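An overview of the molecular structure
Below are the chains, spelled out letter by letter.
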Amino acid sequence: MRQTIIAANWKMHKTLEEGLELAVAIKAHLQSAPTTDKIAILCTPYIHLFHMVETFREVDHIHVGAQNCHQELQGAYTGEISPQQLSAMGVPYVILGHSERRQYFGEDEALLKAKVDQALAQELQPIFCCGEPLEVRETDGHKALVKKQVEEALFHLSAEQIGEIVIAYEPVWAIGTGKVASPEQAQEMHAHIRQLVADHYGTATADKLSILYGGSVKPNNAADIFQQPDVDGGLIGGASLKAEDFTAIYQAG
Ligand code: PEP
C-alpha cells in the first residue's frame with residue numbers, strides 16, 4: 001500500500017514569527033488526526049526549518065521539507081543552501097522542480113537531474129514536480145511534456161532510488177489560479193506517470209510510488225481529487241497558509 005501524503009508549500013510567505021504560529025496551529029489540529037499510511041510534509045522557507053524540525057520532532061506523521069536546494073554539496077555559491085546542510089539539520093524532504101523555479105529561475109531537466117542526485121546522496125527525499133503550461137495542454141502536448149520531464153530528470157535512477165522519490169503533478173495553469181484540474185484530468189495524468197514508471201521499473205515499483213496532485217486544491221475540492229485511484233494526496237500552496245484549511249485538506253486525503 002502506498003503512502004498518502006498531504007504536503008504544504010508555503011512558498012515565500014510568513015515571517016519567522018508568523019510561520020511558527022502557523023506551525024503550532026497545524027500541530028494542534030493534526031496531532032490527533034489519523035495517521036495510518038498518511039503523512040503531512042510542511043515545506044517552508046529556509047528561515048523556519050530549524051524551528052520546524054524541533055516543533056515536529058516527536059510527531060510521527062508530520063514531517064518537514066525545504067522548497068529547493070543547490071546541486072553541489074558545498075562551496076562558493078553565495079545565497080544558496082546545500083542538501084548536506086538541510087539533511088544535517090534533520091530535514092528529510094525537498095521540493096525540486098516546482099514550476100516557479102522552472103519559470104523564474106530557469107531550472108531545466110539537466111539541472112534538476114543533478115539536484116535530484118545530490119539530494120538523494122544526502123538522504124533527502126525529493127518531491128519532484130512536473131506539469132504542463134496552459135498552451136501545451138491546449139495543443140494536447142501535456143502527456144508528452146510530462147513524460148520528458150519525468151524521464152530526463154529521474155529515469156537514470158536505480159529502482160531503489162526511485163523508491164525514495166515522491167512525484168507531484170502540478171499543471172501550471174492550475175497553480176495559484178483557482179482553476180483546478182478536474183478529478184478526471186488529474187487521474188488521467190497520474191495514471192500516465194505511473195505507467196511510465198511501470199514501463200521502466202516494473203509494476204511493483206510503480207505501485208509503491210506516491211503521486212501527488214497540486215494546483216488550487218482547497219477544502220471544497222480536495223476529496224473528489226484525492227478519491228481518484230492514482231492520486232495519493234496533494235501538494236498544497238495557498239490553502240496551506242491557513243491551519244484550518246490545511247487540516248481539512250489533510251482529513252480529505
Ligand atoms: C503550489 O505552488 O505547489 C501549489 C499547488 O499552489 P496552489 O495550491 O496555491 O495552487
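Residues numbered from 1 in each chain as written. Predicted model: local features only at pLDDT ≥ 70, side-chain atom pairs only at ≥ 80, totals over all residues. Heavy atoms only, no water.

With respect to the secondary-structure elements, G233 resides in strand β8 (residues 233–236). With relative accessibility at 2%, the residue G233 sits in the buried group. Sequence-wise, G233 and A66 are 167 residues apart; in three dimensions their C-alpha atoms are separated by 18 Å. With residues near it in sequence (within four places) discarded, G233 still touches T4, I5, I6, I211, L212, Y213 and F226. (Helix = DSSP H or I, 4+ residues; strand = E, 2+ residues; numbered from the N terminus. Buried < 20%, exposed > 50% of the residue type's maximum accessible area, 1.4 Å probe, protein only. Contact = heavy atoms within 4.5 Å.)

Below, the discussion takes up the pairing of β8. Across the two faces of β8 the burial is the same, with G233 and L235 and G234 and I236 all buried. Summarising the sheet, strand β1 (residues 4–9) and β8 pair through 4 bridges and their orientation is parallel. Residue A7 lies in a different strand from β8, and its bridge partner there is L235. Here strand β7 (residues 211–214) pairs with β8 via 2 bridges, running parallel. Bridge pairing links G214 to L235 in β8. (Pairing = 2+ DSSP bridges.)

This paragraph deals with the sheet that holds β7. In spatial order, the strands read β1-β2-β3-β4-β5-β6-β7-β8; together these 8 strands close into a barrel with parallel pairing. Averaged over all neighbouring strand pairs, the angle between strand axes comes to 25°, with direction disregarded. Here helix α7 (residues 142–154) sits on the sheet and contacts β5 (125–130) and β6 (166–169); the angle it forms with β5, its principal contact strand, is near 150°. Packing of helix α12 (residues 243–252) onto the sheet brings it into contact with β1, β2 (38–43) and β8, and relative to β2 it is tilted by some 145°. (Axes fitted to C-alpha atoms, helices over the stretch in contact; angles between N-to-C directions.)

Interpretation in functional terms is not warranted from these geometric data alone.
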